[in-house]
Amino acid sequence: MERYDVVIVGARCAGAATAMLLARRGARVLLVDRAPEGSDTLSTHALMRGGVLLLARWGLLGEVMDGGAPPLRTTTFFYGDKRVDVAVKLRHGIDALVAPRRTLLDPILVRAARRAGAEVRHRTGVMSLRFGPGGRVRGAILDHGGTVTEVEADLVVGADGLRSTVARQAGAVTTREGKHASAIIYGYWPGLALGGTHGFYRPGVAAGAIPTDGGLTCVFAAMPTQRFEAEARIGLDGITARVLAEAAPELAPAIAANPRRGALRPFRGRAGFLRRAHGPGWALVGDAGYFKDPLTAHGITDALRDADALARAIAAGGEAALAAYGEERDAASLELFELSDRTASFAWDAGEIEQLHRNLSDVMNREVAAIAAREGLQRIAA
């Protein structure tokens, strides 16, 4: 039976980053994912300053920009008819944000994990966890195209998303649940040349335009899940057109002049949650352990932040370090969780959503300061 220090299930942002950091510390790591390498996944695209800071510290930000993700130095908010322009100021060495598609970002993280020495297997799923005495997780049973193998590990990390197999089989309890959920439809438009990120907020609807790699702009339309279900009969194009007309009339001429590239992608909505972050022989990172409504676009940053914290805890060793990771994750997440849940209610007017964004900015500034102050980050990145 093959044996590893850590088996990580899920080779997206959280899992690949965790694998890379542990392999850089000399751990024997196996990283598996059901999907083909380089495949796409539903995503909010935008990285906040904390996520960009971590990519820079890990030596990967240059690869993201070389892959075509443009530097984003301004964000423009429209609260009803009020326009607010915000510049990205130089702080902790970061003077721009990025919003890569997952077909760019995920492979960069996977390649970095491989370079560090992690073993990576795509098209490989987890059939079940292996348990030892006392119910401790001791490894996993894997399926690669019908070939079944068993692996042993000191720790199995679930980075396998909302419907995490690791979380379910390990019995990870849900410790907090959101009350609201937004439905979001997004697609890609060439030729918009907006020069920065744009967000639009009007009663009951929201929209955004985020420049990404390939010369494309990710345009999204957001609404309460109830509206999405009620209008499903008119199709994704019909819903998107209606919501964009209501939320972002300023964007309508550019959208009309530039035909969309590719299909629209829907997210039907899911209330947020926090699950217990660890247990005997297992831990969770990314959406497997913590998911909040995507309308505040903090998911990728959460994944990278928590991958960094979990890698530190695993490197430190012991249950106490994992418990500290769970406490750190929850403390860093709760305010963001509640603000995102309130945003997803759509029960706000222009004044309140502007204040919610100010509150989000305050929380994220504290998050960046905490990430920048973490001891040993350069040692892990070496």
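Conventions and cut-offs
- Residues numbered from 1 in each chain as written.
- Predicted model: local features only at pLDDT ≥ 70, side-chain atom pairs only at ≥ 80, totals over all residues.
- Heavy atoms only, no water.
- Helix = DSSP H or I, 4+ residues; strand = E, 2+ residues; numbered from the N terminus.
- Rg over C-alpha atoms; globule rule 2.2 N^0.38 Å.
- Buried < 20%, exposed > 50% of the residue type's maximum accessible area, 1.4 Å probe, protein only.
- Contact = heavy atoms within 4.5 Å.
- Areas by Shrake-Rupley, 256 points an atom, 1.4 Å probe, with all protein chains shown as cover.
- Lys, Arg positive; Asp, Glu negative; His and termini not counted.
- Charge placed at Lys NZ, Arg CZ, Asp CG, Glu CD.
- Salt bridge = Lys/Arg side-chain N within 4 Å of Asp/Glu carboxyl O.
- Pairing = 2+ DSSP bridges.
- Axes fitted to C-alpha atoms, helices over the stretch in contact; angles between N-to-C directions.
- Expected span 1.5 Å × (residues − 1).
- Parallel < 35°, antiparallel > 145°, perpendicular 65-115°, else oblique.
- Left-handed = near helix turned anticlockwise from the far one by under 90°.
- Nonpolar A, V, L, I, M, F, W, Y, C, P; charged D, E, K, R; others polar.
- pLDDT = per-residue confidence, 0-100.
- Phe/Tyr/Trp six-rings, centres within 6.5 Å; stacked < 30°, edge-to-face > 60°.
- Lys NZ or Arg CZ within 6 Å of the ring centre and 35° of its normal.

Summarise the overall build of the protein; cite the residues concerned and give the values.
A count of helical and extended segments in the protein gives 12 helices and 18 strands. A compact globule built from 382 residues should have a C-alpha radius of gyration of about 21 Å, and the protein, at 20 Å, falls within 12% of that. For the protein, the spread of C-alpha atoms along the three principal axes comes to 60 × 45 × 35 Å. Out of the 382 residues in the protein, the part that is buried amounts to 57%. Residue pairs in contact within the protein that sit at least 24 positions apart in sequence constitute 73% of those at least 6 positions apart. Surface accessibility of the protein: about 15,100 Å² in total, with carbon and sulfur atoms responsible for 52%. Charge separation in the protein, taken as the distance between the mean sites of 47 positive and 42 negative side-chain charges, equals 2 Å.

Report on the pattern of salt bridges, specifying residues and quantitative values.
Working definition: two side chains of opposite charge can pair if their charged atoms are close together. Per the stated rule, a full pass over the model turns up 34 salt bridges. One salt bridge in this structure joins Arg265 and Asp40, with 3.3 Å as the shortest N-O distance. Here Asp40 lies in the loop between β2 (29–33) and α2 (49–57) and Arg265 lies in strand β14 (residues 261–267), a separation of 225 residues in the sequence. For Arg374, the salt bridge identified is with Asp308, shortest N-O distance 2.5 Å. Of the two residues, Arg374 sits in the loop between α11 (350–373) and α12 (377–381) while Asp308 sits in helix α9 (residues 299–316), which places them 66 residues apart along the sequence. According to the relative accessible area criterion, Asp308 is buried, its value standing at 0%. Among the charged side chains, a salt-bridge network with shared partners connects Lys292, Asp302, Arg305, Asp306 and Glu367.

Could you give me a rundown of unusual backbone geometry, with the residues and numbers involved?
Trans is the common state for peptide bonds, and a negative phi is the common state for residues other than glycine. At His45, a residue that is not glycine, the phi angle is positive and equals roughly 70°. Structurally, the position occupied by His45 is in the loop between β2 and α2. Residue Arg123 is not a glycine yet carries a positive backbone phi of 55°. Judged by its relative accessible area of 55%, Arg123 is exposed.

Could you give me a rundown of the sheet that holds strand β13 (residues 216–224), with the residues and numbers involved?
One open sheet holds the 7 strands; their spatial order is β4-β3-β11-β12-β13-β10-β14, and the pairing between them is mixed. Edge positions in the open sheet fall to β4 (82–87) and β14, since each of these has one partner strand only. Mean inter-strand twist for the sheet, computed between neighbouring axes without regard to direction, equals 15°. Pairing of strand β3 (residues 74–79) with strand β11 (residues 197–202) involves 5 bridges; the strand directions are parallel.

Pulling in residues and values, what's your account of the sheet that holds strand β9 (residues 174–177)?
Each strand in a sheet pairs with its neighbour through backbone hydrogen bonds, running either in the same direction (parallel) or in the opposite one (antiparallel). Taken in spatial order, the 3 strands of this open sheet run β9-β15-β18, and their pairing is antiparallel. Sheet topology places β9 and β18 (290–291) at the edges, where each strand pairs with a single neighbour. Across 2 bridges, the pairing between strand β15 (residues 273–275) and β18 is antiparallel. Counted as the bridge partner of Leu274 is Tyr290 from β18. Across the sheet, helix α10 (residues 319–344) lies against β9, β15 and β18, angled at about 165° from β15, the strand it touches most.

Now, about helix α4 (residues 102–116): what can you tell me, with residues and values included?
Across its 15 residues, α4 extends 21 Å between first and last C-alpha, which sits within 8% of the 21 Å expected from 1.5 Å per residue. For α4, the complete set of buried residues consists of Arg102, Leu104, Leu105, Asp106, Pro107, Ile108, Leu109, Val110, Ala112 and Ala113. Buried positions along α4 lie against α1 (13–24), α2, α3 (61–66), β5 (119–122) and α9. Gly117 sits one or two positions beyond α4 and adopts a positive phi of about 115°.

Outline the packing of α10 against α11, supporting the account with residue identities and numerical values.
Two measures define how a pair of helices packs: the angle their axes make with one another and the distance between the axes. Close contact between α10 and α11 brings their axes to 10 Å; oriented N to C, the two are set at 160°. In terms of orientation, α10 lies roughly antiparallel with respect to α11. The handedness of the crossing between α10 and α11 is left-handed. Contact with α10, carried on its side by Glu335, Leu336, Leu339, Arg342 and Thr343, involves Glu352, Ile353, Leu356, Asn359, Leu360, Val363, Met364, Arg366 and Glu367 of α11 and no other residues of that element. Residues belonging to the contact of α10 with α11 are distributed by class as follows: 7 nonpolar, 2 polar and 5 charged.

Which residues make up the confidence of the model for the protein, and what are the values?
Across the protein, the average pLDDT comes to 96, with 98% of residues at or above 70. Here residues 377–382 is modelled with pLDDT under 50, and outside its nearest four sequence neighbours on either side it reaches 16 contacts, counting other chains as well.

Lay out the packing of aromatic side chains in plain terms, naming residues and giving numbers.
This model, assessed by the stated rule, comprises 8 aromatic pairs. Through a chain of ring-to-ring contacts, the aromatic side chains of Phe77, Tyr79, Tyr201, Phe346 and Trp348 assemble into a single cluster. Over the face of the ring belonging to Tyr4 we find Arg28, whose NZ or CZ atom lies 4.4 Å from the ring centre. One residue, Arg101, lies across the ring of Tyr188, its end atom 5.6 Å from the ring centre.

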